[in-house]
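# Examination of the molecular architecture
This is what each chain is made of:
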Amino acid sequence: TQSKGSSGINAEYGEEVEEEEAVTSYKSYKRDFKRSSITKFYKAHQKEEWLRERYHPDYVEPRKKELKQLKAARLEIYKKIQEMGYFEEVSVCHEDQDKLMRALDAAVILMEGGSNHDLTILDGGSKAPAAVVVKKEEEKKEEKGEEGEEKEEKEGAADASKEGSDDDEGAVKDDDESEEGMVEKEPQPLHKPQSLFVRSLTPLITKQDMIQVVKQQKIPGFLRLAMAEPLPERKYYRRAWVTFSHDTDIKEACSKLMSSKVEKYDHDLNVVVNRELSKRVRMVPPLTRSLYAVKRDVKWLETLIEELDRGAGLWMGLNTVKQEEDDEENDDAAGEQEYNNPLMAELRDFMGTTLTSSPKTEQELDHGETDEDDIHVLRDNKLGVLDKAILYLRVVHMVDFYNGNQFTNEDDMPNKIGVFHIRGPYENNLSKISLQDVSDWNKQLGEKLQGVVDEIRGVTVSESEANDIGLKTEEEVVEEFVKVNTEEQGPGKFHCPLSGKKFKGPEFVRKHIFNKHAEKVEAVKKDAVFWNNYIRDPRRPMDPLFPPTNHSSNSYSNNHGHHHGHHHHQGGNNNNGNNNSSRNVHPGFPAPYGFPTPFPAAPVPKGRKMVSYNDLDAPDEYDVLGL
């Protein structure tokens, strides 16, 4: 149901209604309409897994712990890759995209459980930095072994020496076997797993339902399953990716899944072999090298890295004095942990030394100065600290910085480090780019990054807005639950429908519910938290409150969007456009994984501005509802 607008209110109350009364009535109408729309959407989707994963306490808390463990493991992999030299002399730019992909593929191999030996496949099996590390580790082990043998010979008795010599012989044999195994075993391409793409799943099908179907087929090499956010324009159907090891017969796996169904919902699976992610590396305009853009990027990077690190408990060190105190005091000291990510000091130093001069003051830029002076552009070799921070976010926190997105479920996808936006080719002639273009870019990117920061900080709507929608308390929902399950059947006769038992008074029914149906009472409390989490989210998914428009404001995404895992691209442009249009009219639904978000491919050439033919007296469609 769409809003009838102010004209509908006037028609309902008549032409002679007082202005103040009309305004008050209209505000009340908008509030009631919004509440009913949100409630209707919630009731329609509250049993679907995608909504419960976002807001239900049974899903939210375990997911937070899982993400912390995941990011801690990714941090160790990032440190290892950095120590091995994969990030040395690598810029997040067009010229170094091959080096970038090699570094990210190395991280993926380690995330998939690979060894240093497996990393050599990135160089065709030749000596990679990993091979050098393996060799050094083996040399250290041999040195330690020799020192141990000398010590045993000096301290051991005759029998001990004999036992020691037997052990030494066995140790040499084991080393020989391991060396032979190292030579014979070929490095595995763990960064290239195979996968299947499931085109559509009903909203009620859960991740566990799909995993059960895959396991029933007994397909070897199954690794994981990822499910995408629902598509509102397709009746909230979902897509899925089933990932297998690189040596799986993927065509046979596809054939088996195609002939299976989710019996619980009598849903046949539409499965195709998933091809490798197209355009994994994507370009952003070269204006990102301008001094003004770089300064803003450094500020955003400082905020993002610290917020994400603290949220995941990374780089946090306890105060040494507090560590020796008793448990209760240590619990209090947990909040006093010191944050010590070395990247923060590097970013501050970079801001204070490299970024020291500009042809325009920030005040002029903030006010939209649009003269045609040349823009001060930094070369990529001066942006090493910036690139280091961008790579850190991509590997550890799954944040694609230049796209302003965080992929929190990326570890379940076929490629654990997928889409990555980098600076496009450097242009010697930047006369077509004005300072206003740079300012517009900063504004667009800033709005998206602010959304990531707000999500990390847990920003919610105001308490008054939440109360207007219908905030619930545990006491209210429990009392309502007891009232509903206390049925009076006559004088002194009360019935509990949960168990079918009869009691003499309502107080006995109440006691019975709390004693014998405590799990149902607890479920009611969790449902209240579920509802409250949903309405408190300023970016909650919901049906549109205003009529959808036919045009799409995202021409760049329409022309350049590529869905991760989409096997067939026939009619791809129309499909992409639909997705973007739906995102404009369906709040709270992110872009499908792999679609870039709205950024201009290049600045619009200078010239006469296009004339607008909009009715200047007509209210904005958002203003009509006071949104």
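Residues numbered from 1 in each chain as written. Predicted model: local features only at pLDDT ≥ 70, side-chain atom pairs only at ≥ 80, totals over all residues. Heavy atoms only, no water.

### Topic: the overall build of the protein chain
Regarding its fold elements, the protein chain presents 24 helices and 15 strands. The buried share of the protein chain, reckoned over its 627 residues, is 43%. A separation threshold of at least 6 residues defines the contact pool for the protein chain, and within that pool the share at least 24 residues apart is 75%. Carbon and sulfur atoms make up 48% of the accessible area of the protein chain, which amounts to about 34800 Å² in all. (Helix = DSSP H or I, 4+ residues; strand = E, 2+ residues; numbered from the N terminus. Buried < 20%, exposed > 50% of the residue type's maximum accessible area, 1.4 Å probe, protein only. Contact = heavy atoms within 4.5 Å. Areas by Shrake-Rupley, 256 points an atom, 1.4 Å probe, with all protein chains shown as cover.)

### So, the packing of aromatic side chains
For the structure shown, the criterion picks out 15 aromatic pairs. Judged by centre distance (5.5 Å) and plane angle (35°), the ring pair of tyrosine 78 and phenylalanine 87 falls under tilted. For the residue pair tyrosine 78 and phenylalanine 87, the accessibility class agrees, reading buried in each case. Relative to phenylalanine 244, the ring of phenylalanine 222 has its centre 6.0 Å away and its plane inclined at 65°; by these criteria the two rings are edge-to-face. Pair noted here: phenylalanine 222 is in strand E2 (residues 222-227) and phenylalanine 244 is in strand E3 (residues 238-244), with a separation of 22 residues, a long-range link. Judged by its relative accessible area of 23%, phenylalanine 222 is partly exposed. An aromatic cluster is built from Tyr42, Tyr55, Phe530, Trp531 and Tyr534, whose rings are joined through pairwise contacts. Cation over ring: lysine 79 sits above tryptophan 315, and NZ or CZ is 4.4 Å from the ring centre. (Phe/Tyr/Trp six-rings, centres within 6.5 Å; stacked < 30°, edge-to-face > 60°. Lys NZ or Arg CZ within 6 Å of the ring centre and 35° of its normal.)

### So, the confidence of the model for the protein chain
Looking at the protein chain, pLDDT values average 77 and 68% of them are 70 or higher. Low confidence marks residues 149-182, where pLDDT is under 50. Its contacts with residues over four positions away, or in another chain, come to eight contacts. Here residues 618-627 scores under 50 on pLDDT; set against residues more than four positions off or in separate chains, the count is 17 contacts. (pLDDT = per-residue confidence, 0-100.)

### Some thoughts on the pairing of strand E1 (residues 194-201)
Examined bridge by bridge, E1 and E3 share six bridges and lie antiparallel to one another. Each residue of the ladder has a partner; that of serine 195, found in E3, is threonine 243. As paired elements, E1 and strand E6 (residues 271-273) share three bridges and run antiparallel to each other. Bridge pairing in E6 links phenylalanine 197 to valine 272. (Pairing = 2+ DSSP bridges.)

### What about the pattern of salt bridges?
Summed over the entire model, instances satisfying the criterion amount to 29 salt bridges. The partner of arginine 289 in a salt bridge is aspartate 380, and the shortest N-O contact between them spans 3.0 Å. Of this pair, arginine 289 sits in the loop between strand E7 (281-284) and helix H11 (291-312) while aspartate 380 sits in the loop between helix H15 (362-366) and helix H16 (384-396), and the two are 91 residues apart along the sequence. Exposure remark for arginine 289: the relative accessible area of 0% places this residue in the buried category. When the shortest N-O distance is used, the salt bridge between arginine 310 and glutamate 306 registers 3.1 Å. You can see arginine 310 and its partner glutamate 306 sitting in helix H11, four residues apart, about one turn around the helix. (Salt bridge = Lys/Arg side-chain N within 4 Å of Asp/Glu carboxyl O.)

### Comments concerning helix H4 (residues 57-83)
Across its 27 residues, H4 extends 39 Å between first and last C-alpha, which sits within 8% of the 39 Å expected from 1.5 Å per residue. Residues of H4 that are buried include every one of Pro57, Val60, Leu67, Leu70, Lys71, Arg74, Leu75, Ile77, Tyr78 and Ile81, and no others. Tucked inside the fold, the buried residues of H4 contact helix H3 (49-55), helix H5 (97-111), H11, H16, strand E11 (405-406) and helix H21 (518-536). One or two positions beyond H4, positive phi appears at glycine 85, with a value near 90°. (Expected span 1.5 Å × (residues − 1).)

### Comments concerning the nonpolar core
Grouped together as the largest cluster of nonpolar side chains are 67 residues, with contacts concentrated most on Ile305, Phe401 and Phe420. Those elements that place two or more of their residues in this core are H4, H5, E7, H11, helix H14 (342-353), H16, strand E12 (420-423) and helix H17 (435-457). In terms of residues, this core owes the most to one element, H11, which gives 11 residues. Once you skip the residues sitting within four places of it in the chain, isoleucine 305 turns out to touch Tyr339, Asn341, Leu343, Met344, Leu347, Ala389, Tyr392 and Leu393. (Core = buried A, V, L, I, M, F, W, Y, C linked by side-chain atoms within 4.5 Å.)

### Here we look at the sheet that holds E3
Neighbouring strands of a sheet are bound in pairs by backbone hydrogen bonds; such pairs are parallel or else antiparallel. Taken in spatial order, the four strands line up as E2-E3-E1-E6 in an open sheet, and their pairing is antiparallel. The outermost strands of the open sheet, each flanked by one partner alone, are E2 and E6. For this sheet, the mean inter-axis angle between neighbouring strands, taken without regard to orientation, is 20°. Against the sheet, helix H9 (residues 207-216) makes contact with E1, E2 and E3, and its axis sits at roughly 150° relative to E2, the strand it touches most. (Axes fitted to C-alpha atoms, helices over the stretch in contact; angles between N-to-C directions.)

### Thoughts on the sheet that holds strand E15 (residues 502-503)
Here we have three strands laid out as an open sheet, ordered E13-E14-E15, and antiparallel in their pairing. This sheet does not close on itself; its edge strands, each paired only once, are strand E13 (487-490) and E15. The sheet contact formed by E13 and strand E14 (residues 493-495) spans three bridges and is antiparallel. By the bridge assignment for E14, glutamate 488 is matched with phenylalanine 494.

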